[in-house]
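Spelled out, the chains give:
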Amino acid sequence: QAHAAGLRKLYLGLEQAPTTNRSILGKNDRGNVMSILRACANTGVKVHLFCMVGYPGSARADANATVKFMIENEALIDTADLVGFRLDRGTSVPGIRAIAGTGGWQMALPYKALRRGILTPPEIADLEVACQEKLWESVPRLMHPLYRIVSHWDEFTEVSDRTGDALVAASG
């Protein structure tokens, strides 16, 4: 029904692969991510995943599991973003605290970990690059900037106005 109504692409905040640590992100899908991905694929709706590595309380293993999940399920994923955690201004995240008086006009603020095991911003930056490289080497389409622009237009056909001049594309 969603596809018939015009839905062509779903943008989904996965954050990280289905693991027990997803609860720290406030994700309560109980592993239903796969059923969402399959339902979209079965109805012709493409999916873009937003993924994040290095969230306070998550581990390198979670980041690797996320990349593995994306690679193993690439047939169900059209495009994706994979970024490292950043503490944005005005955001409260358990286990870290923004360093007062820093950041200037920046949106992402430096922070201090309040407990052991939380990755530092430089560690997260390295992890982000490593995960992106692994994903790019395996399934470059997921993050390719040009593919992202055109991927959801493959079902569209040309529509003409009353004069016969081509207009924007419409669903075929």
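Criteria and cut-off values
- Residues numbered from 1 in each chain as written.
- Predicted model: local features only at pLDDT ≥ 70, side-chain atom pairs only at ≥ 80, totals over all residues.
- Heavy atoms only, no water.
- Pairing = 2+ DSSP bridges.
- Helix = DSSP H or I, 4+ residues; strand = E, 2+ residues; numbered from the N terminus.
- Axes fitted to C-alpha atoms, helices over the stretch in contact; angles between N-to-C directions.
- Contact = heavy atoms within 4.5 Å.
- Core = buried A, V, L, I, M, F, W, Y, C linked by side-chain atoms within 4.5 Å.
- Buried < 20%, exposed > 50% of the residue type's maximum accessible area, 1.4 Å probe, protein only.
- Parallel < 35°, antiparallel > 145°, perpendicular 65-115°, else oblique.
- Left-handed = near helix turned anticlockwise from the far one by under 90°.

(A) The arrangement of the sheet that holds strand 2 (residues 46-53) in detail. The strand order across the open sheet formed by 3 strands is 1-2-3, and the pairing between neighbours is parallel. Looking at strand neighbours, the two that pair on one side only are strand 1 (9-15) and strand 3 (79-84), the edges of this open sheet. Between one strand axis and the next, the sheet turns by 15 degrees as a mean value, whatever way the strands run. As judged from the 6 bridges shared by strand 2 and strand 3, these two strands associate in the parallel manner. Residue L49 lies in a different strand from strand 3, and its bridge partner there is A80. Against the sheet, helix 2 (residues 60-72) contacts strand 1, strand 2 and strand 3, and its axis sits at roughly 165 degrees relative to strand 2. With respect to the sheet, helix 3 (residues 121-138) is in contact with strand 2 and strand 3, its orientation differing from that of strand 3 by roughly 155 degrees.

(B) Representation of the nonpolar core in the model. Among the nonpolar cores identified, the biggest contains 36 residues, and L49, F69, M70, L82, F85 and L142 are the most heavily contacted of them. Of all the elements in the fold, those that place two or more residues in this core are strand 1, helix 1 (33-43), strand 2, helix 2, strand 3 and helix 3.

(C) Representation of the packing of helix 2 against helix 3 in the model. Look at helix 2 against helix 3: their axes get within 10 Å of each other, and the N-to-C directions meet at 20 degrees. Compared by their axis directions, helix 2 and helix 3 come out roughly parallel. Relative to helix 3, the crossing made by helix 2 is right-handed. Where helix 2 abuts helix 3, its residues R60, A63, N64, V67, M70 and I71 lie against E123, L127, C131, K134, L135 and S138.

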